[in-house]
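# A structural walkthrough
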Amino acid sequence: NGQYIWIWSRARTWYDKYGKLQRILGTHTDITALREYQSQLHHQAYFDSLTNLPNRLSLNRDLEEYIVVTGHPIAALFIDLDNFKNVNDFMSHNLGDQLLQQVSRRIEALLDEGCSLYRFGGDEFILLYRQWKSLDSLEEYAVQILESFKAPFALNDSLVYITPSIGIAVYPDHASDGDELIKHSDIAMYRSKDKGGNCCTVFDPTMIQDVSDRLKIEGRLRTALANNELTVFYQPEVAVQTNQITGFEALLRWNSPGLEEIPVQRVIEIAETTGLIVPIGRWVLEQACRFIKQVHELGYKDLSISVNVSIVQLTRSQFAQTVSQILQDVGLDAAHLRLEITESVLMESYEIIRSELEALNEIGISMALDDFGKGYSSLAYLKFLPITTLKIDKSFIDDIVKEQKDRLLTDQIIAIGEKLGLSVVAEGVEMDEQLEYLVHHRCDKYQGFIFSRPVCQEQAISLLHS
Ligand code: C2E
Ligand code: MG
Ligand code: MG
């Protein structure tokens, strides 16, 4: 066959996989070897060696062929694993590889007719769906994929839970060619991440503007620390019975000239995805420790400081070591520092961060479970983790006066705290009636606009004096 003759004349010599020079002599067996070699090369070029799925090059080729040749509609599902980096960073690259292989097999098992799965890169997969019926049916299909991740993955001795985020875009409704189809499914996937992951989103053209806004914020955030645009505000934490300040919570603020006010939560989330949370979080922690040290020097020796900590800090930065270094530099006793983590963080990465939390506990730092009750409340956390404080989520406090249900739940949280010897803090108290309720139900502490909004360092100190 002409093709082989051509290759034969072009490739009389080549290096085998051991680096040894091979020469073609032109016998029949050599041609067979060459054929094998050619198909091996083809496989290497078009398939991913880890998962054995077709790779990005295959995807581009298949999409181009399909769209140009048939012009038929085609859908792309962009599938990206949530917090996969944590597995790689915290467990090991080897386990990360195993996980990717198992994930590939799990998605493959769900492939319908007309579907093909590609490894796009890292923890990203693309599923092309050729004979889809409607956007609704695509969403249902995506939900099936999400469901399939409910069961854990067995990696060596441990069970790992991981969730995907999915974005859907379809040709020709959302994109004019294959490249755009992938790009737009990626944008939709990011929207799923914004919603907290483990969900799917269908592309919509307004998302393009959001992406460019996000890039702008990201760019500005990179220089925010160096440009002194960040500050820390402090909100008093108050004893319910005595109405005395018992400590403060440190809350990040970003004053960014030219950018209209961006909610702190969004800033944190962008800082998390870019990894900027590591230096920013470290800076907040140091500022907060210096602040409370100053408060102690003014004579308010019992006050403590709470600092919010993100999962990315816990998994990526030898966090316990950073904390003890800061305490040492500032000369602050660990007993005066409390770290706040949210439940959603635990749900995803309980096993991963448990040892880090225990290391922190050994240094003598206490831990609060923030926004308690809002997410997935697993009481098991309270049993296994060194938690000392529960912060009742503001959404319960909001309706505590009107809604019987919220009252009941709040009562139960207070009761759990009491039984387990945990301190219970109510978040977001704004009205007298709410505070009265907390007084009667023996909640320990509260924070909220009714006492004070988060304020700058100087104002926080004058609050203490008054
Ligand atoms: P959070 O830790 O639950 O903090 C409480 C939030 O509720 C703060 O919002 C605070 O200003 C607000 N708040 C307090 N009392 C009231 C009230 O009576 N009414 C209302 N409507 N709101 C009240 P903020 O400062 O916007 O922070 C939002 C979230 O961003 C925080 O929730 C925390 O999860 C995160 N965050 C803030 N600073 C940091 C930080 O330095 N590091 C990390 N990782 N996360 C941070
Ligand atoms: Mg907090
Ligand atoms: Mg909270």
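That block above? That's the structure.
Described below are features of the structure shown in this document.

## Focus on the coordination of the magnesium ion (ligand 3)
Within the protein, the atoms that donate to the magnesium ion (ligand 3) are Asp-370 (OD), Asp-371 (OD), Glu-427 (OE) and Glu-427 (OE), at distances of 2.0 to 2.6 Å. Written as a sequence motif, the donor residues of the magnesium ion (ligand 3) are D-D-x55-E. Judged by its relative accessible area of 5%, Asp-370 falls in the buried class.

## Considering the pattern of salt bridges
Tallying each qualifying case throughout the model produces 22 salt bridges. The salt bridge partner of Arg-119 is Asp-48, with a shortest N-O separation of 3.0 Å. Of this pair, Arg-119 sits in strand 4 (residues 115-121) while Asp-48 sits in the loop between helix 2 (28-46) and helix 3 (56-70), and the two are 71 residues apart along the sequence. Classification of Arg-119 as buried rests on a relative accessible area of 14%. Since its relative accessible area comes to 13%, Asp-48 is described here as buried.

## Some thoughts on the coordination of the magnesium ion (ligand 2)
For the magnesium ion (ligand 2), every protein donor is listed as Glu-249 (OE), Asn-308 (OD1), Glu-340 (OE) and Asp-370 (OD), and the spread of their distances is 2.0 to 2.2 Å. Summarised as a motif, the one-chain spacing of the donors to the magnesium ion (ligand 2) is E-x58-N-x31-E-x29-D. A spacing of 4.2 Å is found between the magnesium ion (ligand 2) and the magnesium ion (ligand 3), which share Asp-370 as a donor. One end of the pair, Glu-249, is in strand 11 (residues 245-254); the other, Glu-340, is in strand 13 (residues 337-342), with 91 residues separating them in the sequence. Owing to a relative accessible area of 5%, Glu-249 belongs among the buried residues under this scheme.

## A closer look at the nonpolar core
The nonpolar side chains of soluble globular proteins are, as a tendency, buried together. Of all hydrophobic cores here, the largest spans 77 residues; its most connected members are Phe-248, Ile-305, Leu-337, Leu-339 and Leu-360. Broken down by element, this core gets its largest block of residues, nine residues, from helix 10 (residues 277-297). If we skip the residues at most four places from it in the chain, Leu-360 touches Leu-314, Phe-319, Ala-320, Val-323, Leu-339, Ile-365 and Met-367. By size, the runner-up hydrophobic cluster in this structure holds 33 residues, among which are Leu-81, Ile-107, Cys-115 and Val-202.

## Describing unusual backbone geometry
In this structure, Pro-172 follows Tyr-171 across a cis peptide bond, with omega equal to 5°. One can find Pro-172 in the loop between strand 8 (164-171) and helix 7 (178-194). Non-glycine residue Asn-228 carries a positive phi angle of around 55°. Mapped onto the elements of the fold, Asn-228 is located in the loop between helix 8 (207-224) and strand 10 (230-239). Positive phi outside glycine occurs at Asp-371, with the angle close to 50°. You can see Asp-371 is positioned in strand 14 (residues 366-372).

## Thoughts on the site of ligand 1
The environment of ligand 1 is formed by 23 residues, the closest being Arg-253, Asn-308, Asp-370, Glu-430 and Phe-449. Residue Gln-235 places a side-chain N or O atom 3.1 Å away from a nitrogen atom belonging to ligand 1. Relative to its unbound accessible surface of 800 Å², ligand 1 loses 83% to contact with the protein. Taken together, the elements giving at least two residues each to the shell around ligand 1 come down to strand 11, helix 9 (264-274) and strand 14. A per-element tally of the shell around ligand 1 places strand 11 first, with four residues.

## Things to note about the pairing of strand 4
Taking burial as the measure, the seven residues of strand 4 include six buried ones, the bulk of the element. Relative to strand 5 (residues 124-129), strand 4 runs antiparallel, the two being bridged by six bridges. Bridge pairing in strand 5 links Ser-116 to Leu-128. Hairpin connection between strand 4 and strand 5: a loop of two residues separates the two successive antiparallel strands, and Gly-122 in this loop has a positive phi of roughly 45°.

## Considerations on a negative patch on the surface
Among the surface-exposed residues, Glu-64, Glu-65, Asp-177 and Asp-179 lie close enough to one another that they form a single negatively charged patch. Following the sequence through the fold, Glu-65 ends up in helix 3.

## Things to note about the side chain of Arg-338
Here Arg-338 is to be found in strand 13. If we ignore the near neighbours within four places in the chain, the residues touching Arg-338 are Glu-237, Ile-305, Ser-306, Val-307, Ser-366, Met-367, Ala-368, Thr-389, Lys-391 and Val-425.

## Some words on the sheet that holds strand 8
Across the sheet, which stays open at both edges, the five strands sit in the order 4-5-3-8-9 with mixed pairing between neighbours. The open sheet is flanked by strand 4 and strand 9 (200-202), the only strands paired with a single partner. Neighbour to neighbour, the strand axes of the sheet diverge by 20° on average, direction disregarded. Where helix 6 (residues 135-148) meets the sheet, its contacts fall on strand 3 (74-81), strand 4, strand 5, strand 8 and strand 9, and the angle it forms with strand 8 comes to roughly 155°. Against the sheet, helix 7 touches strand 3, strand 4, strand 5, strand 8 and strand 9, its axis set at about 145° to strand 8.

## Examining the packing of helix 8 against helix 9
Two elements in contact, helix 8 and helix 9, have axes separated by 10 Å at closest approach and are oriented at 80°. With respect to their mutual orientation, helix 8 and helix 9 come out roughly perpendicular. Facing helix 8, whose interface residues are Arg-214, Ile-217, Glu-218, Leu-221 and Arg-222, helix 9 presents Arg-266, Val-267, Glu-269, Ile-270, Ala-271, Thr-273 and Thr-274. Split by residue class, the contact of helix 8 with helix 9 holds five nonpolar, two polar and five charged.

## As for the sheet that holds strand 14
In spatial order, the strands read 10-11-12-13-14-15-16-17; together these eight strands close into a barrel with mixed pairing. In the sheet, strand 12 (residues 304-308) pairs with strand 13 via four bridges, with the strands oriented parallel. Looking at strand 13, one finds that Ile-305 is bridged to Leu-337.

## With respect to the environment of Asn-52
Here Asn-52 is to be found in the loop between helix 2 and helix 3. On a C-alpha basis, the gap between Asn-52 and Arg-119 in space is 8.7 Å, while along the polypeptide they are 67 residues apart. Discounting residues that sit within four places of it in the chain, Asn-52 has contacts with His-43 and Phe-47. In terms of polar contacts, Asn-52 uses its side chain to reach the side chain of His-43, at 3.1 Å.

Rules and cut-offs
- Residues numbered from 1 in each chain as written.
- Chains lettered and ligands numbered in written order.
- Predicted model: local features only at pLDDT ≥ 70, side-chain atom pairs only at ≥ 80, totals over all residues.
- Heavy atoms only, no water.
- Donors = N, O, S within 2.8 Å, 3.2 Å for Na, K, Ca; no water.
- Buried < 20%, exposed > 50% of the residue type's maximum accessible area, 1.4 Å probe, protein only.
- Salt bridge = Lys/Arg side-chain N within 4 Å of Asp/Glu carboxyl O.
- Helix = DSSP H or I, 4+ residues; strand = E, 2+ residues; numbered from the N terminus.
- Core = buried A, V, L, I, M, F, W, Y, C linked by side-chain atoms within 4.5 Å.
- Contact = heavy atoms within 4.5 Å.
- Near = heavy atom within 4 Å.
- Polar contact = N/O pair within 3.5 Å; in protein donor to acceptor, adjacent residues only side chain to side chain.
- Areas by Shrake-Rupley, 256 points an atom, 1.4 Å probe, with all protein chains shown as cover.
- Pairing = 2+ DSSP bridges.
- Patch = residues over 30% accessible without salt bridge, like charges linked within 9 Å, V, L, I, M, F, W, Y side chains within 5 Å.
- Lys, Arg positive; Asp, Glu negative; His and termini not counted.
- Charge placed at Lys NZ, Arg CZ, Asp CG, Glu CD.
- Axes fitted to C-alpha atoms, helices over the stretch in contact; angles between N-to-C directions.
- Parallel < 35°, antiparallel > 145°, perpendicular 65-115°, else oblique.
- Nonpolar A, V, L, I, M, F, W, Y, C, P; charged D, E, K, R; others polar.

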